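Notes for the structure review
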Amino acid sequence: MASSSSHTSVHENIYADLYKPAVITAASFTVVALILSLFLILRHLRSYNKPSEQIWVVAVVFMVPVYATDSMISLLNPKLSLACDILRSCYEAFALYSFGSYLVACLGGERRVVELLENQSGKLLNKALVEGEDENCRKPHWSLRNFFRRPTIIGKNLLTIVKFGLVQYMILKTVCAFLALVLEIFGVYGDGEFKFHYGYPYITIVLNFSQMWALYCLVQFYNVTHERLQPIRPLAKFISFKAIVFATWWQGVGIALLCYFGVLPNQEKLQTGLQDFLICIEMAIAAVAHVFVFSAEPYHYIPSSSGYEKITTTETTSEEAVKLEEGDSSTQAVVETKETQVEAPGTSVTESVQDIVFEGGHHVVKDVVLTINQAIGPVEKGVTKGVTKIQETFHQRSDEHDDKSKVSVEESIEVTLSDEETHLDR
């Protein structure tokens, strides 16, 4: 008992000695992350000339301020660490969905992506036909084997699978975050504790598989469309985004494992504090990377399609006489010229924010509803098939019963007729 209390006091002293320098360092990096990210977002809003893409760019870039601010608040007040982690988790799921939507928008929208995937699938199937492959390998049907080995062959189904993978992570991440809050209230969450009577290890396993599946769907989509995405430098965007989502998640799990095995002091306050401190530093690095990777420069010179441009038309009339000689006669013509100027100044930040909020929410709700319908669809089909089979069984049995009753009636009639004939013969 005395040794454990002495170890606890030593850990408390170490935490107290490192707390103030850690807060000052984390605050400095947080300020850098906020300034760079908000400046980049403002540049996108001022040059909001391609809403279909920039609506998702802003959502992805805004992930850095959310992470940095939440981690700083949690570091200053450890009692709010769980609430901050819930908000951070929810936005992480939305940012992953936004990144996938950004790639689709860069390809021209869902309709263009479907056409692209179908064309690539058709070319691959025609190539297989020429090379004389097996007929079963040329069928563009959806299967897990084709998704893992040959995602191009499944055509437009690839987009459906990718959207389902992103939305399922968004839903599971949000549900698990609030479930963790409920378990914490009842004292059975056990943040960082890998024990079977706590909810933390089970939630960690579920989210781990969900996140890996979502990221793998993005990787497969990138493998199929990376040639068309070359103008936006997709590899740099993939690395910068996946480093935030994947590294921060495994960083938290790694710190929990180190504390569990005794490499680090097994204290919840130290564990969450170290995670928050590292995230503040990493968000500053991510903000610097975003300035170059998600730059607003490509959108400065794009003709505005948002309706904010101003078109002015000026007419000038020239009184110069033009002589058209036809023999001895001459005529005069008046030449009129028109000049049209298109002025596309910086767009309104207010209208850009409204577009991001309302349009982004509309897209998210639409995809969530679509994903839920896709998940419920097979269940409904199974129930419908079951009910149909039951009805067919009852109908078949009723038909058999009717046939048996008809046979019995016919037999009774035949017996009666035969008796009557025998009686008449007598």
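Residues numbered from 1 in each chain as written. Predicted model: local features only at pLDDT ≥ 70, side-chain atom pairs only at ≥ 80, totals over all residues. Heavy atoms only, no water.

**A look at unusual backbone geometry**
What counts, and what does not: Only DSSP runs of H or I reaching four residues or more are called helices, and only runs of E reaching two or more are called strands; each is numbered from the N terminus.
Non-glycine residue Arg233 carries a positive phi angle of around 50°. Structurally, the position occupied by Arg233 is in the loop between helix 8 (200-225) and helix 9 (234-260).

**Some remarks on the packing of helix 3 (residues 63-76) against helix 4 (residues 81-106)**
Stated precisely, the cut-off is as follows: Every axis in this analysis is a line fitted to C-alpha atoms, fitted for helices over the stretch in contact. Angles between the N-to-C directions lie between 0 and 180 degrees. To sort the angles, those under 35 degrees are grouped as roughly parallel, those over 145 as roughly antiparallel, those from 65 to 115 as roughly perpendicular, and the leftovers as oblique. In this analysis, two residues are considered to be in contact whenever any of their non-hydrogen atoms come within 4.5 Å of each other. For this classification, the nonpolar set comprises Ala, Val, Leu, Ile, Met, Phe, Trp, Tyr, Cys and Pro, the charged set comprises Asp, Glu, Lys and Arg, and every other residue, Gly included, is treated as polar.
Axis separation between helix 3 and helix 4 bottoms out at 9 Å; the angle between their running directions is 170°. The angle between helix 3 and helix 4 falls in the class roughly antiparallel. In this structure, helix 3 contributes Met63, Val66, Tyr67, Asp70, Ser71, Ile73 and Ser74 to the contact, and helix 4 contributes Ser81, Cys84, Leu87, Arg88, Tyr91, Glu92 and Ala95. Of the residues contributing to the contact of helix 3 with helix 4, the split by class is eight nonpolar, three polar and three charged.

**Digging into the pattern of salt bridges**
Rules: Salt bridges are defined as contacts in which a side-chain nitrogen from Lys or Arg sits within 4 Å of a carboxyl oxygen from Asp or Glu. Burial classes follow relative accessibility: with a 1.4 Å probe on protein chains only, a residue under 20% of its type's maximum area counts as buried, one over 50% as exposed, and anything between as partly exposed.
Applying the stated criterion to the full structure yields six salt bridges. The closest approach of N and O atoms between Asp85 and Arg88, which form a salt bridge, is 3.2 Å. Residue Asp85 and its partner Arg88 are located together in helix 4, separated by three residues, close to a single helical turn. The exposure class of Asp85 is partly exposed, given its relative accessible area of 29%. On the basis of relative accessibility, which here comes to 7%, the residue Arg88 falls in the buried class. The salt bridge partner of Glu110 is Lys163, with a shortest N-O separation of 3.1 Å. On the criterion of sequence distance, the pair formed by Glu110 in helix 5 (residues 110-131) and Lys163 in helix 7 (residues 157-185) is long-range, its members being 53 residues apart. Given the relative accessible area of 38%, Glu110 is considered partly exposed. Residue class for Lys163 comes out buried when judged on its relative accessible area of 16%. When salt bridges that share partners are traced, they join Asp85, Arg88 and Asp276 into one network.

**A look at helix 4**
Counted only if it meets this: One fewer than the residue count of a helix, multiplied by 1.5 Å, yields its expected span.
Under the 1.5 Å per step criterion, the end-to-end length of helix 4 is 37 Å for 26 residues, consistent within 8% with the ideal 38 Å. Most of helix 4 is tucked away: 22 of the 26 residues are buried. Just downstream of helix 4 lies Gly108, where phi reads positive at about 105°.

**Focus: helix 7**
The end-to-end C-alpha distance of helix 7, which contains 29 residues, comes to 42 Å, matching closely the 42 Å that a straight helix rising 1.5 Å per residue would cover. With its phi angle positive at about 75°, Gly187 sits one or two positions after the end of helix 7.

**Section: the confidence of the model for the protein chain**
Regions with low pLDDT should not have their predicted coordinates read in detail. So the rule is basically this: pLDDT gives the predictor's per-residue confidence on a scale running from 0 to 100.
Confidence in the prediction for the protein chain averages 75 pLDDT; 62% of positions are at 70 or higher. Low confidence marks residues 304-309, where pLDDT is under 50. Its contacts with residues over four positions away, or in another chain, come to 14 contacts. Considering only residues more than four positions removed or in separate chains, one finds that residues 314-327, a stretch of pLDDT under 50, has 23 contacts.

**Describing the nonpolar core**
The condition that has to hold: Think of a nonpolar core as a cluster: buried Ala, Val, Leu, Ile, Met, Phe, Trp, Tyr and Cys residues, connected wherever their side-chain atoms sit within 4.5 Å.
Tyr102, Leu103 and Phe294 are the most contacted members of the largest nonpolar core, which totals 64 residues. Tallying contributions element by element places helix 4 first for this core, with 11 residues. Non-local contacts of Tyr102, meaning those with residues more than four positions away in its chain, are made with Glu53, Trp56, Val57, Ile232, Lys237, Phe294 and Tyr299.

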